[in-house]
Amino acid sequence: MIISALVEVVSIGAIFPFLGVLTAPDFIFESQIMQPIILFFDYEAPEQLILPLTASFIFFAIIAGIVRILLLYVTTRLSFAIGADISADIYRRTLYQPFLIHTLRNSSELINGIIKKTDTVIYGVLMPFLVFISAGIMLLTAISALIFLNPIVALTTLTFIGLIYVGIVFFTRKRLEINSNLIAEESTMVVKSLQEGLGGIRDILISNSQEIYCQIFRNADLPLRKAQGDIHIISGTPRFAIEAIGMTAIALVAFILSQKAEGLVSVIPILGAIALGAQRLLPVFQQMYGSVTSMKGGKKSFIDSLDLLGQKIPDFIDNSEITPLRFQKEINIYGLGFRYSLEEPLILKNIDLTITKGSCIGIIGKTGSGKSTLVDIFMGLLQPTEGTFFVDGEPINLKNLGAWKMHIAHVPQHIYLADSSLYENIAFGIEKHKIDHELVRRAASQAQISEFIESLPNQYMTVTGERGVRLSGGQRQRIGIARALYRKANLIVFDEATSALDNETEQAVMEVINNLKQVLTIIIVAHRITTLQKCDSIIELGDKKILRAGKYSDFIS
């Protein structure tokens, strides 16, 4: 920025001797400034200065252009690099937030913060900030050069144009703040409407409610575009008025200076330098003003991004070598209670439970009885509000939570499948080049899905489609089981994993689960008691507590 400003000043200063040697060569030849150059090159006549001064002017003009291009390149790359860092860090910090935080948040807000608001920070804050600094340095150096040429004209022009821009900033600040809030809020609503529309496409197509969702999107998108347009208009409007005023001012200055005794010829070099300086100053003023309006427009999105960057992350993530917690005997829970917030009632209360390693435990209860909450506590996703949770006598807390999770795999009711190959979906969360293909095939065989996969034309390289739309429910559940087995976990939680399946498919999947009982600790959450008939013991939750516990025969008698 500093180099660019200095080169610009030199290019402005170079026009003075250039125009002077063309219009009044004798005057330039006799000036004190040129004497060192004349003596060094041993020039004898004014005409000898024309070629070198012309070449010098062209040289500095080209150098100024090159430096400005380099400055644009550097500031743009810097802005986008910072933007990439912000997006990546927000995403990283978001992924490391406790599960409870995710249950209280709207994913649209997070996606908007990572993508759209970060774009606003890049285009609306970072780049304008760098432009503002660069323009400020340029303004100071250019004004210094113009003051050297003609202090009165330079200071008058600076004061006049500066006051106009300050006045515009003052009168538009409230509107810019309103638009800043609108952009931050409506950009979240746009993402939310897209997620809801595309996420519920099946129901939308059946109910022919496309127009309703189109209107919801438009109601969010239109105010956003209007606010962005207002900022653009406010940012660009003064330029045209100032240019007209500037041209008028130069014409008046030319007229006044031409009335002097020396005549117009003697003031052409000064006018040329002032004209070139004004041509440089007006865009600089406009850049600074545009940067200020842009930063004010992006202020709310910038604050929201800073809030997301301020999310705390657990200390254990810095420890790349996590040793799994010792799990040889049993899991014990004493007096466990849980509520999602202080304002809400307890969901679970006074839960006492022991799970022996290698056993198969069934959990049943009505909807809302706390079944999923209890297994989320088992898996370390939620921290108990009260009571204690031990593994082989060691209490589970935030310090050893990562070590405990290394034992656990989870098979939910709805298996998330990425739009990628079966290899990548079974080895979910593993970088593509690090996937153990033999372990994938072994896990698929244990989950009784290998025969189906190997019958496909591309076998394990088959792409599942977004959310596994090309697979049946039973096939998705088996892939979920294979994914859990690939992790080499020794405790697998099946959270209503078969509740959405028909009876025949459920029996087939449960046969797979039952074959794993000898080598794994299994927790099965289910709605139907028949699903749990092969469990070693079953507990029934209700009224915030364990209503009863026993074997399958105790529940059907």
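Refer to the preceding data block for the structure.
Residue indices begin from 1 for each chain and proceed along its sequence in written order. At least 70 in pLDDT is required for a residue's local features to be given in this predicted model, at least 80 for side-chain atom pairs to be given and counted, and no such filter applies to totals for whole chains, interfaces and linings, which use all residues. To get the side-chain values, all heavy atoms of the structure are used, and hydrogens and water are removed first.

Moving on, we come to the overall build of the protein. Tallying secondary structure elements over the protein gives 20 helices and ten strands in all. Three exposure classes are used, based on accessible area relative to the maximum for each residue type with a 1.4 Å probe and protein chains only: buried under 20%, partly exposed in between, and exposed over 50%. Sorting the 557 residues of the protein into buried and exposed places 44% on the buried side. Here a residue-residue contact requires only that any non-hydrogen atoms of the pair lie within 4.5 Å. Considering only contacts in the protein between residues 6 or more positions apart, those separated by 24 or more positions represent 76%. Each accessible area value is a Shrake-Rupley result obtained with a 1.4 Å probe; residue values ignore everything except the protein chains displayed when judging cover. Surface accessibility of the protein: about 30000 Å² in total, with carbon and sulfur atoms responsible for 61%. Each helix is a run of H or I in the DSSP string that is no shorter than four residues. Each strand is a run of E no shorter than two, and both are numbered from the N terminus.

This paragraph deals with the nonpolar core. Here, nonpolar core refers to any group of buried Ala, Val, Leu, Ile, Met, Phe, Trp, Tyr and Cys residues whose side-chain atoms link them within 4.5 Å. Residues Ile 426, Val 440, Tyr 486, Ile 492, Phe 494 and Ile 524 are the most contacted members of the largest nonpolar core, which totals 41 residues. If one sorts the elements of this core by residue count, helix α18 (residues 473-486) sits on top with six residues. Leaving out residues up to four positions away in the same chain, Ile 492 has contacts with Ala 409, Val 411, Ala 484, Leu 485, Leu 520, Thr 521, Ile 522 and Ile 523. Core analysis: the second largest hydrophobic core is formed by 31 residues, Ile 331, Leu 336, Ile 363 and Ile 539 among them.

Here the focus is the pattern of salt bridges. A carboxyl oxygen of Asp or Glu within 4 Å of a side-chain nitrogen of Lys or Arg is what we treat as a salt bridge. Within this structure, the stated rule accounts for four salt bridges. Taking the shortest distance from any N to any O, the salt bridge between Arg 441 and Glu 438 comes out at 3.3 Å. Pair noted here: Arg 441 and Glu 438 are both in helix α16 (residues 437-446), with a separation of three residues, about one helical turn. The partner of Glu 540 in a salt bridge is Arg 548, and the shortest N-O contact between them spans 2.6 Å.

Here the focus is the sheet that holds strand β7 (residues 491-495). Pairing is mixed across the open sheet formed by six strands, whose spatial order is β6-β7-β8-β3-β9-β10. Either end of the sheet is taken by a strand with one partner, and the two such strands are β6 (408-412) and β10 (545-550). Shown here is a sheet whose adjacent strand axes are inclined to one another by a mean of 20°, direction ignored. Any two strands with at least two DSSP-identified bridges between them are counted as paired. As judged from the five bridges shared by β7 and strand β8 (residues 521-526), these two strands associate in the parallel manner. If you follow Asp 495 over to β8, its bridge partner there is Val 525. Note on definitions: angles span 0 to 180 degrees between N-to-C directions of axes, and those axes are lines fitted to C-alpha atoms, for helices only across the stretch in contact.

Moving on: the sheet that holds strand β1 (residues 330-338). Here four strands make up an open sheet; going across it, the order is β2-β1-β4-β5 and the pairing antiparallel. In this open sheet, the two strands that pair with only one neighbour each are β2 (348-356) and β5 (394-395). In this sheet, β5 lies alongside strand β4 (residues 386-391) in antiparallel orientation, the contact comprising two bridges. Residue Phe 390 lies in a different strand from β5, and its bridge partner there is Pro 395. Each of β1, β2 and β4 touches helix α13 (residues 371-378); the most contacted strand, β1, lies at about 125° to it.

Attention now goes to the side chain of Asn 425. Tracing the backbone shows Asn 425 in helix α15 (residues 422-426). Residue class for Asn 425 comes out buried when judged on its relative accessible area of 0%.

To continue, consider unusual backbone geometry. Non-glycine residue Asn 350 carries a positive phi angle of around 55°. With respect to the helices and strands, Asn 350 occurs in strand β2. The phi torsion at Asp 392 lies on the positive side, around 50°, for a residue other than glycine. Inspection of the secondary structure assignment puts Asp 392 in the loop between β4 and β5.

Sheet topology note: the β1/β2 ladder contains six bridges and is antiparallel. By the bridge assignment, Asn 332 is partnered in β2 with Thr 354. Pairing of β1 with β4 involves five bridges; the strand directions are antiparallel. Looking at the pairing, Gly 337 lines up with Glu 386 of β4.

Once that is clear, we can look at the packing of aromatic side chains. Centres within 6.5 Å are what make two rings of Phe, Tyr or Trp a pair, Trp counting through its six-membered ring; a difference in plane orientation under 30 degrees is then read as stacked, over 60 as edge-to-face, and the rest as tilted. For the structure on display, the rule yields three aromatic pairs. Look at Phe 378 and Phe 389: their rings are 6.1 Å apart centre to centre, the planes differ by 80°, and that puts the pair in the edge-to-face class. Note that Phe 378 is positioned in helix α13 and Phe 389 in strand β4, a separation of eleven residues in sequence. Residue class for Phe 389 comes out buried when judged on its relative accessible area of 5%. Of the aromatic side chains, those joined through ring pairs into one cluster are Phe 378, Phe 389 and Trp 404.

Contact geometry of helix α4 (residues 50-95) with helix α12 (residues 299-309) gives a least axis separation of 8 Å together with a crossing angle of 50°. Here α4 lies oblique to α12, going by the angle between them. For the pair α4 and α12, the contacting residues are Ile 86, Asp 89, Ile 90 and Arg 93 in the first and Ser 305, Leu 308 and Leu 309 in the second. Taken together, the residues of the contact of α4 with α12 break down into four nonpolar, one polar and two charged. By the definition adopted for this analysis, an angle is roughly parallel if under 35 degrees, roughly antiparallel if over 145, roughly perpendicular if from 65 to 115, and oblique otherwise. Residues are grouped as follows: nonpolar covers Ala, Val, Leu, Ile, Met, Phe, Trp, Tyr, Cys and Pro; charged covers Asp, Glu, Lys and Arg; every other residue, Gly included, is treated as polar.

Let us look at a positive patch on the surface. Candidates for patches are residues over 30% relative accessible area with no salt bridge; among them, like charges are joined within 9 Å and nonpolar side chains (Val, Leu, Ile, Met, Phe, Trp, Tyr) within 5 Å. Charged residues are defined here as Lys and Arg on the positive side and Asp and Glu on the negative side; His and the ends of the chain fall outside this count. To locate a charge, take atom NZ for lysine, CZ for arginine, CG for aspartate or CD for glutamate. A cluster of basic residues, Arg 173, Lys 174, Lys 296 and Lys 299, forms a positive patch on the protein surface. For Lys 296, a relative accessible area of 33% gives the class partly exposed.

As a further point, take the packing of α16 against α18. Their axes nearest at 8 Å, the elements α16 and α18 cross at an angle of 130°. Classified by the interaxial angle, the pair formed by α16 and α18 is oblique. Helix-helix and strand crossings are classified by hand; for α16 and α18 the assignment is right-handed. Across from Leu 439, Val 440, Ala 443, Ala 444 and Gln 446 in α16, the residues of α18 making contact are Ala 482, Leu 485 and Tyr 486. Here the residues of the contact of α16 with α18 are counted per class, giving seven nonpolar, one polar and no charged. By definition, any crossing whose near helix is turned counterclockwise from its far helix by less than a right angle is left-handed, and any crossing with a clockwise turn is right-handed.

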